[in-house]
Every structure is written in structure tokens, then in C-alpha cells.
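Survey of secondary and tertiary structure
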Amino acid sequence: MPRAAVVYRKDQPMKIEEISLRPVGEHEVLVQIAACGVCHSDLSALNEFFACPTPVILGHEAAGIVQSVGSAVSAFAPGDAVLAAWSPACGHCRFCKRGRPQLCNLADDPGSRANDRVSAGGQTVTQFLGVGGFCEQTILADNALVKIDPTMPLDRAALLGCAVITGYGAVRYAAQVRAGDEVGVFGCGGIGLNIIQGARLQGASLIVAIDLDDTKLEMARRIGATHTLRGDAPDLHKTLRGMTRERAGLDFAFDAVGSVEIARVGFLAIAKGGEVILVGLAHQKDKLSISQIAAVTQEKVVRGTTNGSTDTWKTVPELIRLYQDHKLMLDELVSRTYALDDVNQAMDDLRSGRNARGVVVMG
Ligand SMILES: NC(=O)c1ccc[n+]([C@@H]2O[C@H](COP(=O)([O-])OP(=O)(O)OC[C@H]3O[C@@H](n4cnc5c(N)ncnc54)[C@H](O)[C@@H]3O)[C@@H](O)[C@H]2O)c1
Ligand SMILES: [Zn+2]
Ligand SMILES: [Zn+2]
């Protein structure tokens, strides 16, 4: 029987144990998981940021190999290399039809959308974000899977599923950063580093990385930041404005931490016509307060983005090409790999900010 890391209580470590999978449904695929990255959203699920019932299997940045497919599945066959898409697309709701599959109705209720496929010890177990990738084998919906180039190393490909698509997409598709733009990026974890490399790929002329951790700031430099600042420095918005052309302010400030205070500083740091791009998840109770009059008279925008505002099925092949052309840095993002048995260590290391990305590699 395959094994998985199951959360029974959010204040206790995950238990590594055998799971049972029910038979694969018509539109489902059985996948042998090869690797699954560890994202801050997995931690947030434990901190009640998401309404996420237990027991649950976390992990939503997963790549693997198809073992078998349901009777109505035509897009996948055994042996295919696949990436899980935590933002599924039905293809026919009003959002999918209008080219915004990241808002597909299927993506609502992210904490508990898949809760009848896996069980452990006689209880059904939810797959977090429809994926639940901290496991050796699982069942995924065919509309939540992307076929990928079989030559891609799967422990690298996994990162495309959340950190890279979210960060790169936030720059290219949500903000639509252009060559010469000036940007600030708050938070240089897996998401922020990919915002930075997205900004480099789009030709931004000023990329200021902001973090509380000096090691993260060094990583930010290596991946494309032109300048770095400590997040605890006083008057950050003034310093940021002072770094821009004519001291006018940033074109874009990205919050890759998830803090209303950072969003507020970003709003003060952007130029007229600038945008604050909210990527990080603040607590459900947090409310953002900004100057309405500045938003109106200075045409400042606050924009949220989920899944990098991308169509996963178009963007993943684009990202793979960029990696193969040595433009997208993925190898550098994997600070450490962990065995499934060490998944709790991987979560602790994320909590303490030790990794750009930690990746759990199944045995
Ligand atoms: N919008 C989306 O679709 C989406 C997708 C994935 C993740 N997320 C969210 O993005 C956020 C980042 O995720 P991650 O996996 O990169 O997390 P991470 O823990 O790897 O990185 C967060 C970084 O922020 C830094 N930081 C913390 N407080 C700071 C402050 N006050 N100022 C500056 N830097 C600070 C930390 O040192 C760390 O380097 C999380 O909130 C996550 O839930 C959103
Ligand atoms: Zn994530
Ligand atoms: Zn849809």
C-alpha cells in the first residue's frame, strides 16, 4: 500500500502511514508521485488560514508518473509525466470561458475539494487543494493535471506547479511588467524569488528584493534582484521611492509575504499609476486599509493574483522551454530534498525560513 503524510491534528506532526485509494473514477488518474515541493500555503493550512478539515494530506506542488486512467480520460496514458495543477479548470464556467481559468468555479473551497478518494485507518482523508501531494501514490482529477516533457527532472518540474507559476505569472500575467519597469518584491521565499526571476525575464530595470533574512537576500541577488533591502529598515517606502527614476516611486510592489502592513507600505512606495500586487495570503481576519483618495487621484491599483493569473496548461510548457533554454533558474531554487519520512523536518525548515524551496522526494 502507498504511504502518505497525514495531518490528524493541526498542532501535531504529520503521521507517515499507509493509505488506501478507492478505484479510479471516470475522469480521474492514478499517479505515482515522484516529488512534491513545500509551500508556505501548506503551513497556512495548519494555521487556519484556509478552512481545511482534518484528516488531510498537505502538499500541492507535485509531479509524478501516470499509472492508470479512468474510462473517460483521453488526455493521459500510463507512463506520462504529469504535474498536478492545484488550480483546476473545468473549461466551461464563465471564468474559464473568459480566459481566466485561475478563477474557475472548481477552484472554490480550496481546503476540502477532494475528500472521498483517499482513506487511512478507515477514515476518509482530504487532499489539500485537490492534490495532497505528500504521498507515494494518489488519485487526481484529469482537469487538475498537466502533461509535461518526459525529459524534465520531476523534482524540478514539481516547483512549476506552485512557486514558479505563481511568481512568474504574477509578473507576466497579473502585473504585465514591461522592460524598464521598476519593481519591489517583499518576501524572497519560493514565491518571491520567482517574482524576482520573472521580473528579470521581463526586463525590469530596477528589482529591489526585501526580506528579513540576509541569506534570502543573497539568493535574491543570484536570481535577478538588482538591489536588496532589509524588511525591518525604517521608512521603507521612502527608501524605495528614492531608488526609482525621478524618485517617482515603483511601477509595481509585490507582496509575497501576505501582510496588510506590507501592502500598505507597497501602496505608499508605488508611483502614480502603479500597482500593488497581492500574492501572499494574509490571515482571513486581516483587512487592508488604503487611502481611497490616493487610489482615485493617483490611479493606484491594488490587485490580487491567484496561480499567477495564468492558464496553467499554456504556462507550464512555456516555463519548461525557459528552463531548457537556461533562462529560468530551477536547480538553484531547490535548497534541500527530503524523504517522505522527513516531511515534518521539511515543514520546520520552511517555518524557520531555511530554504528557497524544500522538496520532498518519494523513495
Ligand atoms: N496567490 C497565490 O496563488 C499563492 C500561491 C502560493 C503561495 N502563496 C502565498 O505566498 C506567500 C509566500 O509563500 P512562500 O512559499 O514563498 O513562503 P516562504 O515562507 O518560503 O517565504 C516567505 C518569505 O517572506 C519573508 N518575510 C517574512 N516577513 C517579512 C517581512 N515583514 N518583510 C519582508 N520579508 C518577510 C521570509 O523571511 C521568507 O523569506 C504565502 O503567504 C503563501 O501562502 C500564494
Ligand atoms: Zn503553494
Ligand atoms: Zn471553469
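**Points about unusual backbone geometry**
- Across the junction of Thr 54 and Pro 55, the peptide omega takes the value -5°, indicating a cis bond.
- Along the polypeptide, Pro 55 turns up in the loop between helix H1 (40-46) and strand E5 (56-57).
- Phi at Leu 129 takes a positive value of approximately 55°, unusual for a residue other than glycine.
- As for its position among the elements, Leu 129 is in the loop between strand E9 (123-127) and strand E10 (137-141).
- Positive phi outside glycine occurs at Asp 235, with the angle close to 50°.
- Here Asp 235 is to be found in the loop between strand E14 (227-230) and helix H6 (236-242).

**Regarding the domain arrangement of the chain**
- In terms of domains, the chain is made up of domain 1 (3-147 + 330-361) and domain 2 (166-307).
- The C-alpha-based centres of domain 1 and domain 2 are spaced at 29 Å.
- Between domain 1 and domain 2, the contact holds 16 residues from the first and 17 residues from the second.
- Of the roughly 1,200 Å² buried where domain 1 meets domain 2, counting both sides, 60% is carbon and sulfur surface.
- Counting the surface domain 1 buries against domain 2, the share from its top three residues, Phe 49, Trp 86 and Leu 333, is 41%.
- Inspection of the region where domain 1 meets domain 2 yields zero salt bridges.
- Between domain 1 and domain 2 we count two residue pairs in polar contact (both at pLDDT 80 or more) in total.
- Of the residues contributing to the side of domain 1 that touches domain 2, the split by class is seven nonpolar, seven polar and two charged.

**Thoughts on the site of ligand 1**
- The full set close to ligand 1 counts 26 residues, and His 40, Ser 41, Ile 191, Asp 211 and Arg 357 are the nearest of them.
- Interatomic distance of 3.2 Å between a backbone N/O atom of Val 257 and an oxygen atom of ligand 1.
- Val 279 is positioned with one of its backbone polar atoms (N or O) 2.9 Å from a nitrogen atom of ligand 1.
- Listing elements by their share of the shell around ligand 1, those giving two or more residues are H1, helix H3 (154-175), helix H4 (190-202) and strand E13 (206-211).
- Partitioned by chemical class, the residues of the shell around ligand 1 number 13 nonpolar, ten polar and three charged.
- Taken domain by domain, the shell around ligand 1 gets at least three of its residues from each of domain 1 (3-147 + 330-361) and domain 2 (166-307).

What counts and how
Counting of residues starts from 1 at the beginning of each chain's written sequence and follows it residue by residue. Whichever chain is written first is A, and whichever ligand is written first is 1; the rest continue in order. Per-residue local features of the predicted model are confined to residues with pLDDT of at least 70, and side-chain atom pairs are confined, for both listing and counting, to 80 or more; whole-chain, interface and lining totals are unaffected and use all residues. Values reported for side chains reflect all heavy atoms of the structure, with hydrogen atoms and water molecules removed beforehand. Under the scheme used here, helices are H or I runs from DSSP no shorter than 4 residues and strands are E runs no shorter than 2 residues, and both carry numbers assigned from the N terminus. As annotated, the domain borders come from an automatic or database domain assignment. It only takes one pair of heavy atoms within 4.5 Å for two residues to be counted as in contact. Buried surface area refers to the total accessible area, computed with a probe of radius 1.4 Å, that the two partners give up upon joining, counted for both partners together. By convention in these notes, a salt bridge is any Lys or Arg side-chain nitrogen within 4 Å of a carboxyl oxygen on Asp or Glu. In protein, a polar contact means a hydrogen-donor-capable atom and an acceptor-capable atom, both N or O and within 3.5 Å, with residues adjacent in sequence counting only if both atoms are side-chain atoms; elsewhere, any N or O pair within 3.5 Å suffices. In this classification, Asp, Glu, Lys and Arg are treated as charged, Ala, Val, Leu, Ile, Met, Phe, Trp, Tyr, Cys and Pro as nonpolar, and every other residue, Gly included, as polar. Working definition: residue near molecule or strand if any one of its non-hydrogen atoms lies within 4 Å of it.

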